[in-house]
Amino acid sequence: MKGVVFTNLAEMVEENHGLATWQNILDKAQPPSGGVYVATAQYADEELVSLVVAASELLGVPAPELIRLFGHHLWQFFGKNYPQFISDHDNLFDFLVSVDSVIHIEVNKLYPNASTPDFKYSKDNPNELVMFYRSPRKLCHLSVGLIEAAAEHFKTDMTLEHPVCMHEGSDHCELRVIIGNG
Ligand code: HEM
């Protein structure tokens, strides 16, 4: 994954728990890079996993919850650094559909070798968008946090269901975004 993901994780921990806690996490995880991250450089996916596991143990927060909260933090970063990807859309569903067909394609042009997931979509009725997430990194909880933050941005009341999950042996995750009363 790109260094930008790691610098954002460090920033989130430092903002909420202080620099000393991030240092403790690095000491525990012992990442091969030494914990110095350059935004555009590439780091092993395992390095992110080991940092999340160490942070989860030290902070007493389950890893999926930590990753979900990280999604909210990343949303703020994306909003500041790539506002046009968000402001191009006036509703949540159009934005979410553009993540795979526009945003992550542009990300891959900007950052060659970027590690973005694959999303397929199904819209069975006007109030419900199903996102099928596939990625060897199994960061579905990051998607959950990002989708929640996007819904807040578009001022859209929604429920997010996650009935099928890669962490329970499936080859994909199903993220069901239901607006209003469905
Ligand atoms: C609700 C909206 C979004 C969702 C659900 C989403 C989902 C994800 C997930 C889950 C990953 C982790 C990699 C993986 O799972 O394989 C990822 C990576 C990434 N996404 Fe998105 N994303 C969203 C919006 C955005 C936006 C608005 C940007 C702005 C440019 C963006 C840029 C990136 C970048 C830079 C990476 C890291 C690539 C790397 O480390 O190599 N995403 N996205």
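Residues numbered from 1 in each chain as written. Predicted model: local features only at pLDDT ≥ 70, side-chain atom pairs only at ≥ 80, totals over all residues. Heavy atoms only, no water.

Digging into the pairing of strand E1 (residues 118–125)
Formally: The rule for pairing is simple: two strands pair if DSSP sees at least two bridges between them. Each helix is a run of DSSP H or I of at least 4 residues and each strand a run of E of at least 2, with the numbering of both proceeding from the N terminus.
Pairing of E1 with strand E2 (residues 128–134) involves 6 bridges; the strand directions are antiparallel. Across the sheet, the residue bridging to Ser122 is Val130, located in E2. Here E1 folds back onto E2, and the loop between the two strands holds 2 residues.

Re the domain arrangement of the chain
Reports often express the size of an interface as the amount of accessible area lost when the parts come together. Quick reminder of the rule: Domain start and stop positions are those given by an automatic or database domain assignment. Joining two parts hides part of their accessible area as seen by a 1.4 Å probe, and the buried area is that hidden amount summed over both. A pairing counts as a salt bridge when a side-chain nitrogen of Lys or Arg comes within 4 Å of a carboxyl oxygen of Asp or Glu. We call two N or O atoms a polar contact when they sit within 3.5 Å, provided that within protein one can donate a hydrogen and the other can accept it, with sequence-adjacent residues counted only if both atoms are side-chain atoms. When residues are grouped by polarity, Ala, Val, Leu, Ile, Met, Phe, Trp, Tyr, Cys and Pro land in nonpolar, Asp, Glu, Lys and Arg in charged, and all others, Gly among them, in polar.
Under the domain assignment, the chain is made up of domain 1 (3–61) and domain 2 (69–179). Each of domain 1 and domain 2 has a C-alpha centre, and the two are 23 Å apart. The contact between domain 1 and domain 2 buries some 930 Å² in all, and 68% of this surface belongs to carbon and sulfur atoms. A salt bridge links Asp45 to Arg137; its shortest N-O distance comes to 3.6 Å. Counting across the domain 1 and domain 2 interface gives 3 residue pairs in polar contact (both at pLDDT 80 or more). Looking at the side of domain 1 that touches domain 2, the elements with two or more residues in it are helix H1 (3–17) and helix H3 (45–59). The biggest single contributor to the side of domain 1 that touches domain 2 is H1, with 7 residues. Per-class residue counts for the side of domain 1 that touches domain 2 are 5 nonpolar, 3 polar and 3 charged.

A look at the coordination of the iron atom of the ligand
For clarity, the threshold we go by: Here the coordinating atoms are restricted to nitrogen, oxygen and sulfur within 2.8 Å of the metal centre, or 3.2 Å for Na, K and Ca, and because water is not among them the sites may look incomplete.
No other protein atom reaches the iron atom of the ligand as a donor apart from His104 (NE2), found 2.1 Å away. Tracing the chain through its elements places His104 in helix H6 (residues 92–110).

Focus: the pattern of salt bridges
For clarity, the threshold we go by: Buried, partly exposed and exposed residues are distinguished by accessible area as a fraction of the type maximum, computed with a 1.4 Å probe on protein chains only: under 20%, between the cut-offs, and over 50%, respectively.
Across all of its chains, the model carries 8 salt bridges by this definition. Arg68 serves as the salt-bridge partner of Glu148, at 2.6 Å between the closest nitrogen and oxygen. With Glu148 in helix H7 (residues 140–153) and Arg68 in helix H4 (residues 63–81), this residue pair connects regions lying 80 residues apart in the sequence. With relative accessibility at 23%, the residue Arg68 sits in the partly exposed group. Salt bridges sharing common partners tie together Glu65, Arg68 and Glu148.

Quick word on the sheet that holds E2
Selection rule: In this analysis, axes come from line fits to C-alpha atoms, helices being fitted only over the stretch in contact, and the angle between any two N-to-C directions falls in the range 0 to 180 degrees. Pairs of residues are marked as contacts when any of their non-hydrogen atoms sit within 4.5 Å.
Spatially, E1-E2-E4-E3 is the arrangement adopted by the 4 strands of the open sheet, whose pairing is antiparallel. Looking at which strands have only one partner, the edges of the open sheet turn out to be E1 and strand E3 (158–164). Along the sheet, successive strands turn relative to each other by an average axial angle of 20°, direction set aside. By the bridge criterion, 6 bridges tie E2 to strand E4 (residues 173–179) in an arrangement that is antiparallel. Across the sheet, Phe132 pairs through a bridge with Glu174, a residue of E4. In the packing of H6 onto the sheet, the strands contacted are E1, E2, E3 and E4, and the crossing angle to E1 comes to about 150°. Of the strands in this sheet, E1, E2, E3 and E4 are in contact with H7, which crosses E3 at around 165°.

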